[in-house]
Amino acid sequence: MDYSICQALKRFPQHKRALVIYDICCQWIINFRERVSESEFLDLSDSLGITGAVGKFHLAAHIPECFVKFTLNFIEGAAQVDGEILETSGLDEVAGITQVMSAAHHQEVVDDYMQDSNWRKVIRIGKQLFALVIEIC
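Let me begin by describing the structure that accompanies this report.

About the criteria used
Residues numbered from 1 in each chain as written. Predicted model: local features only at pLDDT ≥ 70, side-chain atom pairs only at ≥ 80, totals over all residues. Heavy atoms only, no water. Helix = DSSP H or I, 4+ residues; strand = E, 2+ residues; numbered from the N terminus. Rg over C-alpha atoms; globule rule 2.2 N^0.38 Å. Buried < 20%, exposed > 50% of the residue type's maximum accessible area, 1.4 Å probe, protein only. Contact = heavy atoms within 4.5 Å. Lys, Arg positive; Asp, Glu negative; His and termini not counted. Charge placed at Lys NZ, Arg CZ, Asp CG, Glu CD. Phe/Tyr/Trp six-rings, centres within 6.5 Å; stacked < 30°, edge-to-face > 60°. Salt bridge = Lys/Arg side-chain N within 4 Å of Asp/Glu carboxyl O. Arc of directions from axis to C-beta.

As a further point, take the overall build of the protein. Along the protein, the regular secondary structure elements total 8 helices and 2 strands. Its helices and strands in sequence order give the protein the pattern α-β-α-α-β-α-α-α-α-α, from N to C terminus. Here the protein has a C-alpha radius of gyration of 19 Å; the compact-globule value for 137 residues is 14 Å, and the former is much larger. Principal-axis analysis of the C-alpha atoms places the extent of the protein at approximately 65 × 45 × 30 Å. Considering the protein as a whole, with its 137 residues, one finds that 26% of them fall into the buried category. Sequence separation of 24 or more characterises 55% of the internal contacts of the protein that already satisfy a separation of 6 or more. One finds the centroid of the 12 positive side-chain charges in the protein at a distance of 5 Å from the centroid of its 19 negative side-chain charges.

Next comes the structure, spelled out in structure tokens:
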């Protein structure tokens, strides 16, 4: 996880703050900077502020003290997200086939899958709204 976060944050050197949403962020973030500084393979800007959070679905299984510290409800700028996008997107359906693809092909397949997933959600919302309008009339 440390390597993944460091690599991801390197792509945005102009950012001053980052929000990391992770199922067990309450434990992972405790010594994150220390682990990075002790590793010869990890690098992270000292000026980057990192805020840790736990997705709403997973937070429900944590101890009560985690809620106040790691809920997305109280993090300024987090908007109204649940932090569970990968679990709810169905992306695991294509994960197996994209492992052997080139980076460009992998990105294209994932983009196509997510666009299709979003389109299906829009259609589903439209059908629900239409049914609601019919029900009211």
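Following the structure, the description resumes.
This paragraph deals with the packing of aromatic side chains. The tally for this structure, following the rule as stated, stands at 3 aromatic pairs. Judged by centre distance (4.6 Å) and plane angle (40 degrees), the rings of Trp 28 and Phe 32 are tilted. Classification of Trp 28 as buried rests on a relative accessible area of 7%. Take Phe 32: its relative accessible area is 1%, and that puts it in the buried class. An aromatic cluster of at least three residues, connected via ring pairs, comprises Tyr 22, Trp 28 and Phe 32.

If you walk through the whole model with that rule in mind, you get 2 salt bridges. In this structure, Asp 2 and Arg 35 form a salt bridge, with 2.6 Å as the shortest nitrogen-oxygen distance. Here Arg 35 lies in helix H3 (residues 32–38) and Asp 2 lies in helix H1 (residues 2–10), a separation of 33 residues in the sequence. With a shortest N-O distance of 2.8 Å, Asp 116 and Arg 120 are connected by a salt bridge. Within this pair, Asp 116 and its partner Arg 120 are both found in helix H8 (residues 103–136), separated by 4 residues, close to a single helical turn.

In this section: H1. Each full turn of the α-helix corresponds to 3.6 residues, which orients residues three or four apart in the same direction. Among the residues making up H1, those that are buried are Asp 2, Ile 5, Cys 6 and Leu 9. Buried positions in H1, seen along its axis, are confined to an arc of 100 degrees and lie on one side of it. Turning to H1, the residues buried within the fold contact strand S1 (17–21), helix H2 (25–28), H3 and strand S2 (49–53).

These figures capture arrangement, not role.
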